[in-house]
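Summary of the model geometry
Here is how the chains run, residue by residue.
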Amino acid sequence: MRSSRMNENFDQLVLELTTKSSSSSNDIFQRLTLILKQQTSNFLLQFLSDSYQSLVDLESWAWQMLSEYQRQCFKRIDYQDLFHALALFNKHIIFNVEHIEVDQKATILFSVSIDQINRILERIEHLTDEYDPFITIVNLWLDNHSHFLHENPHYRKLSITDPLNQYISHNYIMSKEFKFYLNYLRETTISQIVFTPKMLFYTNTCLCSLFSYLGAEIHQFPYTVNSMLHYLTDDYLQIIQAHYYTLENWNDHLLACIGHLMGVIAKCYWYDEKNGTQMKILFPTEQLIFIHIEQLIRILSYEPFLNEIQSIRINAETILFDSILMILMNIVQIENINWFFRSNTTIQDAILTVANRSLYDEICLRAYTILGEVATDEQLKEMNIARTMAEFLFNMVERAWQDPSKEYKQIPLKYLLKG
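**Some thoughts on the overall build of the chain**
Across its full length, the chain carries 24 helices and two strands. Taken over C-alpha atoms, the radius of gyration comes to 22 Å for the chain, in line with the 22 Å a tight globule of 419 residues would show. Each principal axis of the C-alpha distribution contributes one length, and for the chain these read about 70 × 45 × 40 Å. Scored against the burial criterion, the 419 residues of the chain give a buried share of 57%. A separation threshold of at least 6 residues defines the contact pool for the chain, and within that pool the share at least 24 residues apart is 76%. A total accessible area of about 18,400 Å² is found for the chain, and carbon and sulfur atoms account for 50% of it. If you average the places of the 33 positive and of the 49 negative side-chain charges in the chain, the two averages end up 1 Å apart.

Here it is in structure tokens:
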């Protein structure tokens, strides 16, 4: 009965909100915010079923408000609270609701037109206030699109995905502002105040979107991955060089920025492992590969980061570790330097520790694949993980085989079999 009354109240509040002006009363915003925050994983599916159309209407209203950008509205705390609550609610839909069709999730989350997306992106481009709350809210909403795309890489029905990422690539990634923000990250000491919402839009949201887009089955990316690596390589290497030895000084924003940048670098590798041209762009000499491996292993070995890994690719530490292992796996599969991994027990121990302790399947899978590639039979026996690793990989192979894409978590069956 309580659930039924809540749904009726929610439906009525959404009706009032969407049929009045954007300056609706504080009470409507606060009551909607409270109801959204009360939707736990246990009741979320039922709430989606009972109030499906109202949710679609509320999401449509939210996208419309974002595209119209009325500054006085986004300055209101109750207005901000509603958008934050709705963004968090949407994230729960993406990650915590399995028994709902992907089409239904997409309809709820992305009731938005290409024209509206373009207006939102154009607005951010011209905002001079780097702390405008509007930017923070847009970051959350576009991040949810990235999360959805990463979780559903073979979903082809979102009309906004190509235009969104083409706009981001042309107008934000390939821009002097983006390079300006990357220059900040190259400094060994970075003040917290540097990380404005607008900087985080460029260095987090845009890179997160590009990472997910490069992993999608069908897209129309306007640049080659080689050109993207040429564009990003120097900044990436300098940023890692500046910070890999001072991990205790990383703040949450720096951690996220590095993780997202590394993710794009790793995803570019994924495209052309046969001829290894990307690896040559980043590492023209073998010595540079060794140096970078040791830098990445030092980050992998940092206990406070390892303790924060979650079971889904949603927080900065999980993204960082997943990206590091993607790069290491590409190095192992492209370069003939397995002897370097075999001769260094510190590297093996770090990767093994991550494999044993990570809650995220993809991280475990990449770690086990690396160990399976580089370790000798004797080393694997000494690690005493052969049985665990085999059971894990066989389970992944079975799940990939049953999936129409012949992939598990975007990892092709051929790599699982090789592992």
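**Overview of the packing of aromatic side chains**
On inspection of all chains with the given rule, the structure shows 33 aromatic pairs. Measuring from ring centre to ring centre gives 5.1 Å for phenylalanine 180 and tyrosine 184, while their planes differ by 75°; the resulting arrangement is edge-to-face. Here phenylalanine 180 pairs with tyrosine 184, and both are found in helix α11 (residues 176-185), just four residues apart, close to one helical turn. Note on tyrosine 184: relative accessible area 33%, which makes it partly exposed. Through a chain of ring-to-ring contacts, three or more aromatic side chains come together here, namely Phe29, Trp61, Trp63, Tyr69, Phe74, Tyr79, Phe83, Phe134 and Trp141. Positioned above the aromatic ring of tyrosine 231, the side-chain terminus of lysine 179 is 4.4 Å from the ring centre. Note that arginine 298 overlies the ring of tyrosine 245, its terminal NZ or CZ placed 4.0 Å from the centroid.

**A few points about the environment of serine 111**
Topologically, serine 111 is positioned in the loop between α7 (102-109) and α8 (114-126). Through-space distance from the C-alpha of serine 111 to that of tryptophan 61 is 8.8 Å; in sequence the pair is 50 residues apart. Setting aside anything within four residues of it in sequence, one finds serine 111 in contact with Val56, Ser60, Trp63 and Gln116.

**Here's the deal with the layout of surface pockets**
Left-over empty space is what a probe sized like a water molecule reveals as it rolls over the atoms. Here the second largest pocket is characterised by a volume of approximately 490 Å³. Lining the second largest pocket are 22 residues, with Leu140, Asp143, Asn204, Ala256 and His260 positioned closest to its centre. Within the residue set of the lining of the second largest pocket, elements represented by two or more residues are α9 (133-151), α12 (197-214), α14 (252-269) and α18 (316-334).

**A word on the pattern of salt bridges**
Enumeration over the complete set of coordinates arrives at 14 salt bridges. Between arginine 366 and glutamate 362 there is a salt bridge whose closest N-O contact spans 2.8 Å. Linking arginine 366 with glutamate 362, this pair stays in helix α21 (residues 361-374), spanning four residues, or about one helical turn. Given the relative accessible area of 5%, arginine 366 is considered buried. For glutamate 362, a relative accessible area of 3% puts it in the buried group. Through salt bridges with shared partners, one network takes in Arg71, Lys75, Asp129 and Asp132.

**Some thoughts on the packing of helix α13 (residues 225-243) against helix α16 (residues 286-300)**
Helix-helix packing: each pair is described by the crossing angle between the helix axes and the interaxial distance. Put simply, α13 and α16 touch, their axes get as near as 10 Å, and they point 55° apart. In terms of their interaxial angle, α13 and α16 are classed as oblique. Where α13 crosses over α16, the handedness of that crossing is left-handed. Counting all contacts with α13, which are made through Tyr236, Leu237, Ile240 and Gln241, the residues of α16 involved are His292, Gln295 and Leu296. Residues that form the contact of α13 with α16 fall into these classes: four nonpolar, three polar and no charged.

**Quick look at empty space enclosed by the protein**
The tally for this structure, following the rule as stated, stands at three cavities of 30 Å³ or more. Looking at the largest cavity, the residues that line it are Phe95, Ser146, His147, His150, Glu151, Cys208, Phe211, Ser212, Arg313 and Ile319. With four residues, α9 is the single largest residue contributor to the lining of the largest cavity. The residue inventory of the lining of the largest cavity, partitioned by class, reads four nonpolar, four polar and two charged.

**Quick look at the side chain of serine 323**
Relative to the helices and strands, serine 323 resides in helix α18. Take serine 323: its relative accessible area is 0%, and that puts it in the buried class. Within the structure, the side chain of serine 323 is placed 3.4 Å from the backbone nitrogen of glycine 263, a separation counted as a polar contact.

**So, the environment of leucine 48**
Mapped onto the fold, leucine 48 is located in helix α3 (residues 41-50). The sequence separation of leucine 48 and isoleucine 93 amounts to 45 residues, and the corresponding C-alpha distance is 9.0 Å. Setting aside residues no more than four positions away along its own chain, leucine 48 makes contact with Leu55, Phe89, Ile93, Val97, Ile100 and Ile108.

Scoring rules and cut-offs
- Residues numbered from 1 in each chain as written.
- Predicted model: local features only at pLDDT ≥ 70, side-chain atom pairs only at ≥ 80, totals over all residues.
- Heavy atoms only, no water.
- Helix = DSSP H or I, 4+ residues; strand = E, 2+ residues; numbered from the N terminus.
- Rg over C-alpha atoms; globule rule 2.2 N^0.38 Å.
- Buried < 20%, exposed > 50% of the residue type's maximum accessible area, 1.4 Å probe, protein only.
- Contact = heavy atoms within 4.5 Å.
- Areas by Shrake-Rupley, 256 points an atom, 1.4 Å probe, with all protein chains shown as cover.
- Lys, Arg positive; Asp, Glu negative; His and termini not counted.
- Charge placed at Lys NZ, Arg CZ, Asp CG, Glu CD.
- Phe/Tyr/Trp six-rings, centres within 6.5 Å; stacked < 30°, edge-to-face > 60°.
- Lys NZ or Arg CZ within 6 Å of the ring centre and 35° of its normal.
- 1 Å grid on protein atoms, 1.4 Å probe; cavity = no way out; pocket = protein on both sides within 12 Å on 5 of 7 lines; lining within 4 Å.
- Points joined across faces, edges and corners; volume = space filled by probe spheres on them.
- Salt bridge = Lys/Arg side-chain N within 4 Å of Asp/Glu carboxyl O.
- Axes fitted to C-alpha atoms, helices over the stretch in contact; angles between N-to-C directions.
- Parallel < 35°, antiparallel > 145°, perpendicular 65-115°, else oblique.
- Left-handed = near helix turned anticlockwise from the far one by under 90°.
- Nonpolar A, V, L, I, M, F, W, Y, C, P; charged D, E, K, R; others polar.
- Polar contact = N/O pair within 3.5 Å; in protein donor to acceptor, adjacent residues only side chain to side chain.

Such coordinate-based values are descriptive only and should not be taken to indicate function.
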